[in-house]
Amino acid sequence: MTATPGTGADAVIVRVDRDRCIGSGMCALSAPGSLALGADGLAEPVADYAADGAELTEALADAVDFCPVEALTLYSAAGGYRIAPAE
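Basis of the calculations
Residues numbered from 1 in each chain as written. Predicted model: local features only at pLDDT ≥ 70, side-chain atom pairs only at ≥ 80, totals over all residues. Heavy atoms only, no water. Core = buried A, V, L, I, M, F, W, Y, C linked by side-chain atoms within 4.5 Å. Buried < 20%, exposed > 50% of the residue type's maximum accessible area, 1.4 Å probe, protein only. Helix = DSSP H or I, 4+ residues; strand = E, 2+ residues; numbered from the N terminus. Contact = heavy atoms within 4.5 Å. Pairing = 2+ DSSP bridges. Salt bridge = Lys/Arg side-chain N within 4 Å of Asp/Glu carboxyl O.

Chemist: Tell me about the nonpolar core, residues and numbers included.
Modeler: In this structure, Val14, Leu35, Leu60, Leu72 and Leu74 are the most contacted members of the largest nonpolar core, which totals 19 residues. Broken down by secondary-structure element, the contributors of at least two residues to this core are strand 1 (11–16), helix 3 (58–66) and strand 5 (72–76). Apart from the residues within four sequence positions on either side, leucine 35 is in contact with Val14, Cys27, Ala28, Glu44, Pro45, Val46, Leu60, Ala63 and Leu72.

Chemist: Break down the pairing of strand 1 for me, citing the residues and quoting the values.
Modeler: Most of strand 1 sits out of view: five of its six residues are buried. Here five bridges tie strand 1 to strand 5, and the two strands are oriented antiparallel to one another. From the neighbouring strand, arginine 15 faces strand 5, where its bridge partner is threonine 73.

Chemist: I'd like to hear about the pattern of salt bridges, residue by residue, with values.
Modeler: One pass over the full model with this rule turns up one salt bridge. Across the pair aspartate 40 and arginine 18 runs a salt bridge whose closest N-O atoms are separated by 2.0 Å. Here arginine 18 lies in the loop between strand 1 and helix 1 (26–30) and aspartate 40 lies in the loop between strand 2 (35–37) and strand 3 (43–45), a separation of 22 residues in the sequence. Look at aspartate 40 and you get partly exposed, because its relative accessible area is 46%.

Chemist: Please set out the sheet that holds strand 6 (residues 82–84) residue by residue, giving values where relevant.
Modeler: Across the sheet, four strands lie side by side as 4-1-5-6; this open sheet has antiparallel pairing. Each of the sheet's edge strands pairs with one partner strand only, and the pair in question is strand 4 (54–55) and strand 6. Two elements, strand 5 and strand 6, share two bridges in a ladder whose sense is antiparallel. Following the sheet pairing, tyrosine 75 is matched in strand 6 by arginine 82.

Take a look at the structure:
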């Protein structure tokens, strides 16, 4: 499934807590269309997921769950509220 920019009900923005991220790469392996490891070895969302929001995929939801240090957070692009992980 390809990420498409948008602000629909399922569009999400991914935030990476770079102070927590240890660069395990689990997220990039789980959701390569959504997350990547940057030049510094830490996770970063691909452009659509960082700015305007893109479609929530099962792979992205899994990547958030797989992060061993809970450095990833999903927010609704339309409403700005936190989707995952649960607080």
